[in-house]
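Structural overview
Each chain, letter by letter, is given below.
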Amino acid sequence: MPYADLGQVRLYYVIDGPADAPVLVLSNSLGTCADMWARQVPALSQRFRVLRYDTRGHGKSSVPAGEYSFAQLAGDVAALLDHLDIAQADFCGLSMGGPTGLHLALDHPQRVRKLVLCNTAARIGSVDSWSTRIAAVAQDGLENMAPALVERWLSPGYRTAEPGLTQVLVDMLRRTSNEGYSSNCAALRDADLRGRLGEIKAPTLVIAGTQDPATTPQDGRDLAAGIAGARYLELDTSHISNWEQPEAYTRAVLDFLTE
């Protein structure tokens, strides 16, 4: 299996697509892994060398002790690009992957060609909400919390129509380390990039979900408004928009990246 030993963390990654194609990095949401992009890979890998990875604390990547920060998470991406000898890439992140992409574009601007930020915000939730989540994980564990959390990820109509695909996400969340999940919750608790959006230079597309209770359409509009020239697109989904409307989502990302 492809692993990158990057000093403080060991990242699992997988690459699809032609070796000579431009690179597109996909960054997972909280509690998922690289598999959350499976519905995009067949189309994206026709035009891109698609690099997926498990964020530290998730999937097959290691779970370093202590709380994490988005400076660390973005640094992991930059180190992974160095490991693979990739000078520059497009970056697409969903939910927690959004602040990772923002930090990458701020701290390592030369590494990012275009930026796609999905179901995310410059400030996700609050200190209290993430502190409460961390306490709940310590008490109940993701094994027990997963079904209720996924109810917020997917719209009621989708969950009714696609119970099997809903279960895939429940199981993905159940396999996530409690410790890794909570360490990433700490990064979300502490992150607030609202004052730095004007520094983003990469062309940016923001995708929001009409029914998203976690990162609302207003969050998406505010994010797009803060980044010069950013575009805004809204899909009729809840939080995991690429899972609910894979064709529309993939088409939007491809159109933006290849124009």
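Everything discussed here concerns the structure shown above.
Below: a short report on this structure. (Residues numbered from 1 in each chain as written. Predicted model: local features only at pLDDT ≥ 70, side-chain atom pairs only at ≥ 80, totals over all residues. Heavy atoms only, no water.)

1. Thoughts on the packing of aromatic side chains
For the structure shown, the criterion picks out 2 aromatic pairs. With a centroid separation of 5.7 Å and an interplanar angle of 65 degrees, the aromatic rings of Tyr-3 and Tyr-12 are classed as edge-to-face. Using a relative accessible area of 23% as the deciding quantity, one classes Tyr-3 as partly exposed. Geometrically, the ring pair formed by Trp-37 and Tyr-249 is tilted, given 6.3 Å between the ring centres and 40 degrees between the ring planes. With Trp-37 in the loop between β3 (23–27) and α1 (41–44) and Tyr-249 in helix α11 (residues 246–258), the pair connects residues that are 212 residues apart, well separated along the chain. Residue classification places Tyr-249 among the buried residues on the basis of a relative accessible area of 1%. (Phe/Tyr/Trp six-rings, centres within 6.5 Å; stacked < 30°, edge-to-face > 60°. Buried < 20%, exposed > 50% of the residue type's maximum accessible area, 1.4 Å probe, protein only. Helix = DSSP H or I, 4+ residues; strand = E, 2+ residues; numbered from the N terminus.)

2. Description of unusual backbone geometry
Its identity as a non-glycine residue notwithstanding, Asp-85 has a phi of 60 degrees, on the positive side. Turning to its location among the elements, Asp-85 is positioned in the loop between α2 (70–83) and β5 (89–94). Take Asp-85: its relative accessible area is 72%, and that puts it in the exposed class. Positive phi, normally seen in glycine, also occurs at Asn-119, with a value near 45 degrees.

3. A short note on the pattern of salt bridges
Taken as a whole and judged by the stated rule, the model has 13 salt bridges. With its nearest N and O atoms 2.9 Å apart, the salt bridge here joins Arg-111 to Asp-82. Of this pair, Arg-111 sits in the loop between α3 (97–107) and β6 (112–118) while Asp-82 sits in helix α2, and the two are 29 residues apart along the sequence. Two residues, Glu-143 and Arg-174, come together in a salt bridge whose shortest N-O distance is 3.8 Å. Of this pair, Glu-143 sits in helix α5 (residues 142–153) while Arg-174 sits in helix α7 (residues 163–174), and the two are 31 residues apart along the sequence. (Salt bridge = Lys/Arg side-chain N within 4 Å of Asp/Glu carboxyl O.)

4. Focus: the sheet that holds β6
Reading across from one edge, β1-β2-β4-β3-β5-β6-β7-β8 is the order of the 8 strands in this open sheet, with mixed pairing throughout. Each end of this open sheet is capped by a strand with a single partner; those strands are β1 (3–5) and β8 (231–235). Neighbour-to-neighbour, the strand axes of the sheet open up by a mean angle of 20 degrees, direction not taken into account. Bridging between β6 and strand β7 (residues 204–209) involves 4 bridges; their strand directions are parallel. The residue of β7 that forms the bridge with Leu-117 is Val-206. (Pairing = 2+ DSSP bridges. Axes fitted to C-alpha atoms, helices over the stretch in contact; angles between N-to-C directions.)

5. Some details on the nonpolar core
The biggest cluster of nonpolar side chains holds 49 residues, and the ones touching the most others in it are Cys-92, Val-116, Leu-154, Leu-173, Tyr-181, Ile-207 and Tyr-249. If near-sequence neighbours (up to four positions away) are discounted, Leu-173 is found in contact with Gly-31, Leu-142, Ala-146, Leu-149, Val-150, Trp-153 and Tyr-181. Among the nonpolar cores identified, the runner-up in size contains 34 residues, and Leu-193, Ile-200, Ala-224 and Ile-227 belong to it. (Core = buried A, V, L, I, M, F, W, Y, C linked by side-chain atoms within 4.5 Å. Contact = heavy atoms within 4.5 Å.)

So yeah, pure geometry; function would need other evidence.
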